[in-house]
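# Structural characterization, general
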Amino acid sequence: MKFGQVENPEAIDFKLPADAPQTRTILGKHKNEAPFEAYVGCAKWNRTDLKGFYPRGTKDELTYYATQFNSIELNATFYKMPDWQQVETWKNKTPDGFKFFPKLTDLISHYRRLIDVKEPVDNFCNAISNFEEKLGMAFLQLHDNFKPKDFDRLEKVLNEFPKGVPLGVEVRNAEWFAAENQNRFCTLLEKNEMSNIIVDTAGRRDMLHMRLTSPVAFVRYVGANHPTDIQRLDEWVARIEKWKDEGLQKLYFFVHQNIEVESPLLAEHFIKKMNDKLGLSLHIPARQHTQKSMFD
């Protein structure tokens with residue numbers, strides 16, 4: 001993942017900003033006694049990217065991956081519209097409790113730019129509905145140059161989005177983070193009970209908006225392949241503990257790196273800290289003897 005990559009990460013102020021004032025309000029509205037749910041995973045299961053993660057002789061990467069993590073950010077669906085047969089194949093390779101988080105196909109977001117997309121959106125949702133109880137949340141990632149001037153397109157798509165499919169939305173153009181535009185966008189998400197995806201990446205600190213629009217936090221964390229990655233994750237654990245106390249119901253947290261090889265090691269660290277601080281019992285991924293990290 002190259003988006004937001006910088007040459008000198010040590011020059012970046014990685015401190016998490018304060019929550020948007022509306023975050024505590026939205027969490028308080030939904031506070032209840034339901035058990036807190038946390039799903040932590042990587043962006044892909046490809047052996048080439050996650051070199052050293054798989055034991056020697058592993059025959060099916062997804063099958064093994066799903067024994068170590070309880071979720072996957074499914075980027076494969078961004079590059080090709082899924083069909084129900086492929087979705088069922090993926091689903092059947094994973095254990096009970098595993099969740100998929102498929103990204104809407106680029107035909108919808110990047111090529112048609114949300115124009116006349118009802119048919120492909122319906123096709124996408126019909127396909128991923130075959131994940132059944134293993135569907136976590138779909139997510140729509142807009143192009144860097146999709147700006148608030150085209151808000152009406154986004155509004156139409158979100159208002160018409162199939163109600164049975166949970167959705168998170170990631171906007172990237174800097175204009176979305178101006179106060180007026182952010183308020184309008186977040187109001188739309190709140191109305192439709194959709195999640196405002198938070199991206200923590202070195203070169204785009206504006207995307208770390210810390211404004212939740214539902215009691216579900218969807219965080220895409222991008223490490224910089226730098227020792228600061230660990231401190232950043234520790235700060236996230238503290239913030240999530242705060243959100244949980246305020247009413248957060250679910251956490252979806254996906255670990256990326258610009259060079260993905262160490263993503264499982266960062267996720268392992270994050271899971272250990274989450275278990276310790278929040279009293280969870282998430283499975284801790286096994287580390288292979290071939291996995292070596294700058295963070296140890």
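Notes on the structure in this doc start here.

Thresholds applied
Here the residue index of a chain counts from 1 through its sequence in written order. pLDDT decides what is reported in this predicted model: residues at 70 or higher carry local features, side-chain atom pairs at 80 or more are listed and counted, and totals for whole chains, interfaces and linings draw on all residues regardless. Each side-chain value is worked out from all heavy atoms of the structure, with water and hydrogens disregarded. Numbering of helices and strands runs from the N terminus, with a helix taken as a DSSP run of H or I at least four residues long and a strand as a DSSP run of E at least two residues long. Each residue gets one of three labels from its accessible area relative to the maximum for its type: buried under 20%, exposed over 50%, partly exposed in between, using a 1.4 Å probe on protein chains only. Two strands qualify as a pair provided that DSSP identifies no fewer than 2 bridges between them. By definition, the crossover connecting two strands over a helix is right-handed if that path, from the first strand to the second, turns clockwise as seen with the strands pointing away from the viewer. Here, nonpolar core refers to any group of buried Ala, Val, Leu, Ile, Met, Phe, Trp, Tyr and Cys residues whose side-chain atoms link them within 4.5 Å. Whether two residues touch is decided by their heavy atoms; if any such pair falls within 4.5 Å, the residues are in contact. The span you would expect from a helix comes to 1.5 Å times its residue count less one. Lines fitted to C-alpha atoms define the axes, with helix axes restricted to the stretch in contact, and inter-axis angles between N-to-C directions lie between 0 and 180 degrees.

## What to know about unusual backbone geometry
In this structure, Glu132 is a non-glycine residue whose phi angle is positive, near 55 degrees. Note that Glu132 resides in the loop between α6 (118-128) and β4 (138-141).

## Some words on the pairing of β4
Regular strands place side chains that alternate from one sheet face to the opposite one. Both faces of β4 are covered, namely the face carrying Ala138 and Leu140 and the face carrying Phe139 and Gln141. Bridging between β4 and strand β5 (residues 167-170) involves 4 bridges; their strand directions are parallel. Across the sheet, residue Leu140 finds its bridge partner in β5, namely Val169. This β-α-β element, β4 to helix α7 (residues 151-160) to β5, shows right-handed connectivity.

## What about the nonpolar core?
Of all hydrophobic cores here, the largest spans 90 residues; its most connected members are Leu154, Trp236, Ile240, Leu251, Phe253 and Phe270. When near neighbours in sequence (up to four residues on either side) are disregarded, Trp236 contacts Leu16, Ile198, Asp200, Leu208, Met210, Val219, Tyr221, Trp243, Phe253 and Phe270.

## As for helix α8 (residues 179-191)
When the terminal C-alpha atoms of α8 are compared, their 18 Å separation across 13 residues agrees well with the 18 Å that a helix rising 1.5 Å per residue should span. Looking at the buried positions of α8, the neighbouring elements they touch are α7, β5 and β6 (195-196). A positive phi of about 55 degrees marks Glu193, the residue just after α8.

## Description of the sheet that holds strand β3 (residues 99-102)
Here we have 6 strands laid out as an open sheet, ordered β3-β2-β1-β9-β8-β7, and parallel in their pairing. If you trace the sheet from one side to the other, it starts and ends with β3 and β7 (198-200), each paired once. This sheet shows a mean twist of 25 degrees between the axes of neighbouring strands, independent of strand direction.

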